[in-house]
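# Survey of secondary and tertiary structure
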Amino acid sequence: MQLKLDLQFFAGEKTEKATPKKREDERKKGKVAKSQDVNTGVLLLCSFLILFIFGSYMKDGLLNLLQRFFTVFIHWDLNEQTVRQLLNGATLETAKLLAPIMLIAIVAGLASNLMQIGFLLTTEPLKFDLKKLDPVQGAKRIFSIRALVELLKSLLKISCIGIVTFMIIWMYKDDMMMLAFVDVEAALAFFGKTTIIMGIAATIALLVLSVFDYAYQRYDYEKNMRMSKQDIKDEYKNIEGNPLIKSKMREKQRQMAMSRMMSEVPKADVIITNPTHFAIALKYDEEKAIAPYVVAKGTDHIAMKIKEIAKAHGIVTIENRPLARSLYSEAEIGDVIPERFYQEVAEVLAYVYRMEKRLGK
């Protein structure tokens, strides 16, 4: 009794890797290994780079818009038409200024997700689930090991980014001290350059940390995906027991067998037919068998297909109704013909060889 309980316990332990079916099912539910830090890091890096490239363009556009506000728009009469025109113009100009960074943000977000999980479109995580409102489960999530790991990760990210930022500021501390002696434009240029450098440096630090975070997410995902031996057995039974899946598997097997059989027809020596209902393709190779053997056979439309392939490859077709029926019922594909047909088939093959010799094949 104790041994039986022990076996049941070990069978229930999740020690096996997830099967492809379970991985596919979980993926459809949106459960994949993904690090949000990778997305954030790639997005921030691309955004800061685009600011570095298009910063001057955005600054000039913003200054131009402000200048128009205080030199042109301020003199307009305040009415419905001018307010609408002002809002439309300001919105269009703002969209032009933000377009580069918004486009690169969208591309970076899509690219970072595709790099991690490939293309995946599912609405499963958006479905309403009452279990998510369960306070007991919520408390378990808050005080779980994963929550502790996420807290430590956040503290590590804050510490690393804080150290990197402080180092950049410390590098430029002398220049900051001299800002009192430069004009406003130079001061703004310095702060803009320093901010971008701090942003890029902090983002690179975040990307380095995201590599470790992605590795942890993969490990945690694989751990949660593990199955017990009993789970694998149950899944196999469900797949095998599904009539639709079984019928599809049988159909696929029939198609593969049919394809293999048809590929052997051009190698046959002769096709013996009924002539409309049966077709048997025979091959004689003394190195493979002591007598002729069946390489393909079929009835009705399959028989017609065999004859079409034979005609296309110049294989001789002989009409012999009793022989075709008997061979079809007594010999399977790959089998040597029964001994009682040796004489009759030998005469057919001799006739075929004479024809081929006469035609110079």
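Residues numbered from 1 in each chain as written. Predicted model: local features only at pLDDT ≥ 70, side-chain atom pairs only at ≥ 80, totals over all residues. Heavy atoms only, no water.

Next up on the list: helix 3 (residues 36–71). With 36 residues, helix 3 should reach 52 Å at 1.5 Å per residue; the first-to-last C-alpha distance of 46 Å falls well below that figure. Residue phenylalanine 54 marks the point of greatest curvature in helix 3, where the axis turns by about 65 degrees. Those residues of helix 3 hidden inside the fold are in contact with helix 4 (80–117), helix 6 (145–171) and helix 8 (184–225). (Helix = DSSP H or I, 4+ residues; strand = E, 2+ residues; numbered from the N terminus. Expected span 1.5 Å × (residues − 1). Bend = angle between axes of the 7 residues up to and from the residue. Contact = heavy atoms within 4.5 Å.)

Bringing the UniProt feature "transmembrane region" (unreviewed entry) in the protein chain into the picture now. Taken from the UniProt record, the annotation "transmembrane region" (unreviewed entry) applies to residues 38–58, 97–122, 154–172 and 196–216. Across residues 38–58 one finds 100% helix and 0% strand; the C-alpha atoms that close the span lie 27 Å apart. The straight-line gap between the two end C-alpha atoms of residues 196–216 is 30 Å; of that span, 100% is helix and 0% is strand. (UniProt positions renumbered as here; feature names shortened; annotations may be inferred.)

Our next topic: the sheet that holds strand 3 (residues 270–273). The 4 strands are arranged 5-4-3-6 in an open sheet whose pairing can be described as mixed. Two strands close off the open sheet at either side, each with one partner strand: strand 5 (293–299) and strand 6 (316–319). Pairs of neighbouring strands in the sheet enclose a mean axial angle of 20 degrees, with direction left out of account. Pairing analysis gives 6 bridges linking strand 4 (residues 278–283) to strand 5, with the strands arranged antiparallel. Bridged to alanine 281 within strand 5 is alanine 296. Most of the contacts of helix 11 (residues 300–312) go to strand 5, to which it runs at about 130 degrees, and overall it touches strand 3, strand 4, strand 5 and strand 6. Contacts between helix 12 (residues 321–330) and the sheet are confined to strand 3, strand 4, strand 5 and strand 6, with strand 4 contributing the most and set at about 75 degrees to the helix. (Pairing = 2+ DSSP bridges. Axes fitted to C-alpha atoms, helices over the stretch in contact; angles between N-to-C directions.)

Computed from the structure, the second largest pocket encloses a volume of approximately 500 Å³. Forming the boundary of the second largest pocket are 14 residues, of which Gly55, Lys59, Leu188, Ala189 and Gly192 lie nearest the centre. Listed by contribution, the elements that provide at least two residues to the lining of the second largest pocket are helix 3 and helix 8. (1 Å grid on protein atoms, 1.4 Å probe; cavity = no way out; pocket = protein on both sides within 12 Å on 5 of 7 lines; lining within 4 Å. Points joined across faces, edges and corners; volume = space filled by probe spheres on them.)

Our next topic: the pattern of salt bridges. Within the structure shown, the criterion is met by 11 salt bridges. Lysine 267 is the salt-bridge partner of glutamate 264, the closest N and O atoms lying 3.4 Å from each other. Classification of glutamate 264 by relative accessible area gives partly exposed; the value is 29%. One salt bridge connects arginine 340 with glutamate 330, and the closest N-O pair in it is separated by 2.2 Å. Here the residue arginine 340 occupies a position in the loop between helix 12 and helix 13 (342–359), and glutamate 330 occupies one in helix 12, the gap between them amounting to 10 residues. Taking relative accessible area as the criterion, arginine 340 reaches 57% and is therefore assigned exposed. In this structure, a network of salt bridges that share partners links the residues Glu150, Lys153 and Asp213. (Salt bridge = Lys/Arg side-chain N within 4 Å of Asp/Glu carboxyl O. Buried < 20%, exposed > 50% of the residue type's maximum accessible area, 1.4 Å probe, protein only.)

Counting 18 residues, the largest nonpolar core has Val270, Ile272, Leu282, Leu323, Leu327 and Val345 as the members making the most contacts within it. Elements represented by at least two residues in this core include exactly strand 3, strand 4, strand 6, helix 12 and helix 13. In terms of residue count, helix 13 provides more of this core than any other element does, 4 residues in total. Aside from chain neighbours lying at most four places away, what touches leucine 327 is Ile272, Ile280, Leu282, Ile337, Pro338, Phe341 and Val345. By size, the runner-up hydrophobic cluster in this structure holds 17 residues, among which are Ala268, Ala279, Ala289 and Ala310. (Core = buried A, V, L, I, M, F, W, Y, C linked by side-chain atoms within 4.5 Å.)

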